[in-house]
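Here is how the chains run, residue by residue.
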Amino acid sequence: MTSWIEAVPAFVVALLILALPGAAVLAALRIRGLMALCLAPTVSVSVLAVSAIVAPLINLRWGIPVVLVGTAVATAAAWAARRFIPALNSIEAVSGARSRVGLSAGAIGALTALSITTLLLLLVARTPEQFTQGYDTVFHLNASANAVDTGNASSFAISSFILPTVKSSFYPGAWHGLVSLLAIVTGISVPAATNLMWLAVAGLVWPLSAMFLTRVLFGARPLLLVSAAALAAAFPAFPWLLLQYGSAYPNSLSNALVPVGIGLVLVVLRPAKHHGLEPVQALTVVVLFLPGAVTAQPNGVFSILLVLTPLLGYLIYAWLRTGFSRSHLHGWVRVALLVCALGVAAAALYTLPQIRSLFSYTSPAFLLFPLALIRNFTHAPAPIWFPALALTALVLIGVRAGFRRPGLRWLPAALVLLVFTYPLTAGTNFVAANIAMAPWWDNPERVAALMPLMAVPLAALGLVHAMDWLGSKAKSHNLSPALLQRKGKVAAAAGLVVVLALSNPGLWQMKGQVGIMFEVPAEPNGLAQIDAQELALIHRLPNYTSVDDVIANNPYNGSALAMALAGRQMLFPYSSQGDLNEDLYTLRFWLNRVGSDPDVCAAAKRQGVTYLLDFGTDYIPAFNDPRSLYPGITLAADSDAFTLVANEGHAKLYKLTTCGGIRL
């Protein structure tokens, strides 16, 4: 696939994958119109993720048949719930006229966001086949490739290719399920499927999710909806920062879904303050939302709790106060129940090794705390530095306007909480701060990406108030009557957001940084996973090797990417692979003796090693990790056991020709 034009049909398939399963389930629940448009991707992710988990249990390969069965089961369950649960059954279907309210405005806003995101992506990646050179890219591309090859995209199997001694281990695999399904259905490469699915999530799912939260918070005014969806593409911190940093694709999917989760919880907790969904419908969708949220990236659940902390804190305070107003005994009983509930939840979470491991990561401070605070507040987290002054002003206007609305006085506190998260990880080394940011691995980039979750709805409200003020001024002076009409305002809002986004130097700075991640340097530079010579040799691997060959490699020099880029089995498919069986340990340290040592030869035969891919000792920045030492692999090229069969500059491919003293 050499051009983005060729990728259009596959992109349409990506949109259908994200839309159709959820749309079918929501139709069974009688949720239509704008709500269905916004919620369908979220429900689809859950349906697909659960289907991927169930498929291997019933001996089915991952693909369209599994998706059809999973969608049918979920739709039937939704229909049964609506049919037999009185609270759901009593809700009448929304009329055609009502279901279309705001739909056209939402579509305009979403398409505006998609246009901005697509433009920037095309500027940083010349073709859909390009891939980012972030540290996590190797794992995510190879995990998706493994799902395609094995027909298993279960979250309990997605990491199996780097866990030879572990039978089953949970890793959130919703993202890899989406990418592998797109690759299976369309036949495109894993890198191309990754880029197209990222564009679908960042360009449409995220704006629709932000629009849903805005609708729940501030109402269904078309001008507000188009502003929210379009503004979702204007903030550098998300979705672009996570693409620039290590290509954290699962976290990007999770963040794109979080506003939906926030909105659903708000409808359930305070139904009188919100409209668009009945509380019982929202609660039903919460049930549908959770599987996708957990299998996308569990920290999304913590992100929802973080944003809603001020509101939840107030509701808990009000609940306790009501108890004490009845009697001291009643009040203390409620306190005891609260403490027990929190204790049980904390204990349950701590029993999970994935949760415990979060506390082992810390990021050293690299900014002064006040500077980190200002940069987060002005939407300019590292690696960019230019503040988004116009967006910041819109957010402040939105905070002021939202604070005046009944039931929304918690919004400023939520924004302040988000503002302080980034300096807690980027501006201090306090242990308490590291613990507080543990759900996001105390990682500055993942934390900075939280800010737009609330900034987008608030900026949309601010933009609407600013336009209303300008409209009132224009009306008083008999100026621009066309802009006073609804359609004129909607078009003006979309156009204004485009101007705000494209005139934001910070967004262009981020574009430049993302562009660096997509570059393939001509020679090793110590930062990129692979260079042009290594990539050229990877593309030639099918000329010399078969899919049954196993290629020995040092994963810290980028050679592991051959798994996703050339469809070849790599002995070490990921750099941070901590789980090695006895044979892998032997080959890691002693492969250079394979020609003379019978034990090493036996290990190589058991693992199926037939080739060696040598990219030299230009290691990625994680070289200071002791696990990056693979002396047996590094020295193997100089042994008599391997014969050179191909090379591109310094990148070389060797064939194993002598094993245990015997010529092969």
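None of the values given here were measured: they were computed from a predicted structure. (Residues numbered from 1 in each chain as written. Predicted model: local features only at pLDDT ≥ 70, side-chain atom pairs only at ≥ 80, totals over all residues. Heavy atoms only, no water.)

### Topic: the overall build of the protein
Thought 1: When helices and strands are counted, the protein shows 29 helices and seven strands.
Thought 2: Relative to its length of 664 residues, the protein is compact, with a C-alpha radius of gyration of 26 Å against a globular reference of 26 Å.
Thought 3: Structurally, the protein occupies a C-alpha span of about 90 × 65 × 50 Å along its principal axes.
Thought 4: For the protein, with 664 residues in total, the buried portion stands at 55%.
Thought 5: Considering only residue pairs separated by 6 or more positions, the protein has 74% of its internal contacts joining residues 24 or more positions apart. (Helix = DSSP H or I, 4+ residues; strand = E, 2+ residues; numbered from the N terminus. Rg over C-alpha atoms; globule rule 2.2 N^0.38 Å. Buried < 20%, exposed > 50% of the residue type's maximum accessible area, 1.4 Å probe, protein only. Contact = heavy atoms within 4.5 Å.)

### Brief notes about the layout of surface pockets
Thought 1: Considering only enclosed or pocket space, the second largest pocket measures out at about 760 Å³ in volume.
Thought 2: Along the walls of the second largest pocket sit 23 residues, with Phe302, Leu305, Leu342, Ala345 and Leu349 positioned nearest its centre.
Thought 3: Looking at the lining of the second largest pocket, the elements with two or more residues in it are α14 (299-326), α15 (328-350) and α20 (431-436).
Thought 4: Considering only residue class, the lining of the second largest pocket consists of 21 nonpolar, two polar and no charged. (1 Å grid on protein atoms, 1.4 Å probe; cavity = no way out; pocket = protein on both sides within 12 Å on 5 of 7 lines; lining within 4 Å. Points joined across faces, edges and corners; volume = space filled by probe spheres on them. Nonpolar A, V, L, I, M, F, W, Y, C, P; charged D, E, K, R; others polar.)

### Comments concerning unusual backbone geometry
Thought 1: That bond from Phe238 to Pro239 is cis: its omega, 10 degrees, falls within 30 degrees of zero.
Thought 2: With respect to the secondary-structure elements, Pro239 resides in the loop between α10 (222-231) and α11 (240-244).
Thought 3: Cis geometry marks the peptide bond from Ala382 to Pro383, where omega comes out at 15 degrees.
Thought 4: Along the chain, Pro383 turns up in the loop between α17 (369-377) and α18 (389-403).
Thought 5: The backbone of Arg30 sits at a positive phi, close to 65 degrees, despite the residue not being glycine.

### Re the packing of aromatic side chains
Thought 1: Counting across every chain of the model gives 14 aromatic pairs.
Thought 2: Pairing Phe139 with Phe161 gives two aromatic rings, centres 5.6 Å apart and planes at 25 degrees, and the pair type is stacked. In this pair, Phe139 sits in helix α7 (residues 137-150) while Phe161 sits in the loop between α7 and α8 (174-186), placing the two residues 22 residues apart along the sequence. Each member of the pair, Phe139 as well as Phe161, is classed as buried.
Thought 3: Positioned over the ring face of Tyr630 is Arg588, at 4.5 Å from the centre of the ring. (Phe/Tyr/Trp six-rings, centres within 6.5 Å; stacked < 30°, edge-to-face > 60°. Lys NZ or Arg CZ within 6 Å of the ring centre and 35° of its normal.)

### Points about the environment of Ala36
Thought 1: Residue placement: Ala36 occurs in helix α2 (residues 33-54).
Thought 2: A C-alpha to C-alpha distance of 9.8 Å links Ala36 and Leu103, two positions 67 residues apart in sequence.
Thought 3: Setting aside residues no more than four positions away along its own chain, Ala36 makes contact with Leu26 and Ile31.

### Some remarks on the confidence of the model for the protein
Thought 1: Scored by pLDDT, the protein comes out at a mean of 91, with 95% of its residues at no less than 70.
Thought 2: Per-element mean pLDDT across the protein ranges from 48 in helix α5 (residues 96-99) up to 98 in α8. (pLDDT = per-residue confidence, 0-100.)

### Describing the side chain of Thr378
Thought 1: Relative to the elements of secondary structure, Thr378 occurs in the loop between α17 and α18.
Thought 2: In this structure Thr378 comes out as buried when scored by relative accessible area, which is 10%.

### Remarks on the environment of Val124
Thought 1: The residue Val124 is located in helix α6 (residues 103-124) in this model.
Thought 2: With relative accessibility at 9%, the residue Val124 sits in the buried group.
Thought 3: Between the C-alpha atom of Val124 and that of Ile516, which follows or precedes it by 392 residues, the distance is 8.1 Å.
Thought 4: When sequence neighbours within four positions are dropped, the list of residues in contact with Val124 reads Gln130, Lys511, Val514, Gly515 and Phe518.

### With respect to a nonpolar patch on the surface
Thought 1: Among the surface-exposed residues, Val50, Val54, Leu57, Ile58 and Leu60 lie close enough to one another that they form a single nonpolar patch of about 440 Å² accessible area.
Thought 2: On the secondary structure map, Ile58 appears in the loop between α2 and α3 (64-84). (Patch = residues over 30% accessible without salt bridge, like charges linked within 9 Å, V, L, I, M, F, W, Y side chains within 5 Å. Areas by Shrake-Rupley, 256 points an atom, 1.4 Å probe, with all protein chains shown as cover. Salt bridge = Lys/Arg side-chain N within 4 Å of Asp/Glu carboxyl O.)

### A few points about the packing of α2 against helix α12 (residues 249-269)
Thought 1: Relative to each other, α2 and α12 sit at 115 degrees, their axes nearing to 10 Å. Seen along the crossing, α2 lies across α12 with a hand that is left-handed. Across the interface between the two elements, Cys38, Leu39, Thr42 and Val45 from α2 touch Leu253, Leu257, Val260 and Leu264 from α12.
Thought 2: Here the residues of the contact of α2 with α12 sort into seven nonpolar, one polar and no charged. (Axes fitted to C-alpha atoms, helices over the stretch in contact; angles between N-to-C directions. Left-handed = near helix turned anticlockwise from the far one by under 90°.)

### Remarks on empty space enclosed by the protein
Thought 1: Applying the stated criterion across every chain, the model contains one cavity of 30 Å³ or more.
Thought 2: For the largest cavity, the calculated volume is near 40 Å³.
Thought 3: Around the largest cavity, the lining residues are Leu48, Ala49, Ala52, Ile53, Trp62, Ala153, Ser155, Gly173, Ala174, Gly177 and Leu178.
Thought 4: Mapped onto the lining of the largest cavity, the elements with two or more residues apiece are α2 and α8.
Thought 5: No other element matches α2, which puts four residues into the lining of the largest cavity.
Thought 6: Each residue belonging to the lining of the largest cavity can be placed in one class, and the counts come to eight nonpolar, three polar and no charged.

### A short note on the sheet that holds strand β5 (residues 651-656)
Thought 1: Read across the sheet, five strands follow the order β2-β1-β3-β5-β4 without closing on themselves; strand pairing throughout is mixed. A single partner strand is all that each edge strand has here, and the edge strands are β2 (569-570) and β4 (642-648).
Thought 2: Against the sheet, helix α25 (residues 532-540) contacts β3 (609-614), β4 and β5, and its axis sits at roughly 115 degrees relative to β4. (Pairing = 2+ DSSP bridges.)

### Observations concerning the pattern of salt bridges
Thought 1: As enumerated under the stated definition, the model contains four salt bridges in all.
Thought 2: Close ionic contact of Arg446 with Asp136 constitutes a salt bridge, the shortest N to O distance being 3.9 Å. In this pair, Arg446 is assigned in helix α21 (residues 444-448) and Asp136 in the loop between α6 and α7, connecting sequence segments 310 residues apart. Like Arg446, the residue Asp136 is buried in the burial classification.
Thought 3: Across the pair Arg606 and Asp583 runs a salt bridge whose closest N-O atoms are separated by 2.8 Å. Here Arg606, found in helix α28 (residues 598-607), pairs with Asp583, found in helix α27 (residues 582-590); they are 23 residues apart in sequence, far enough to count as distant.
Thought 4: Its relative accessible area of 55% is what places Arg606 among the exposed residues.
Thought 5: For Asp583, a relative accessible area of 11% gives the class buried.

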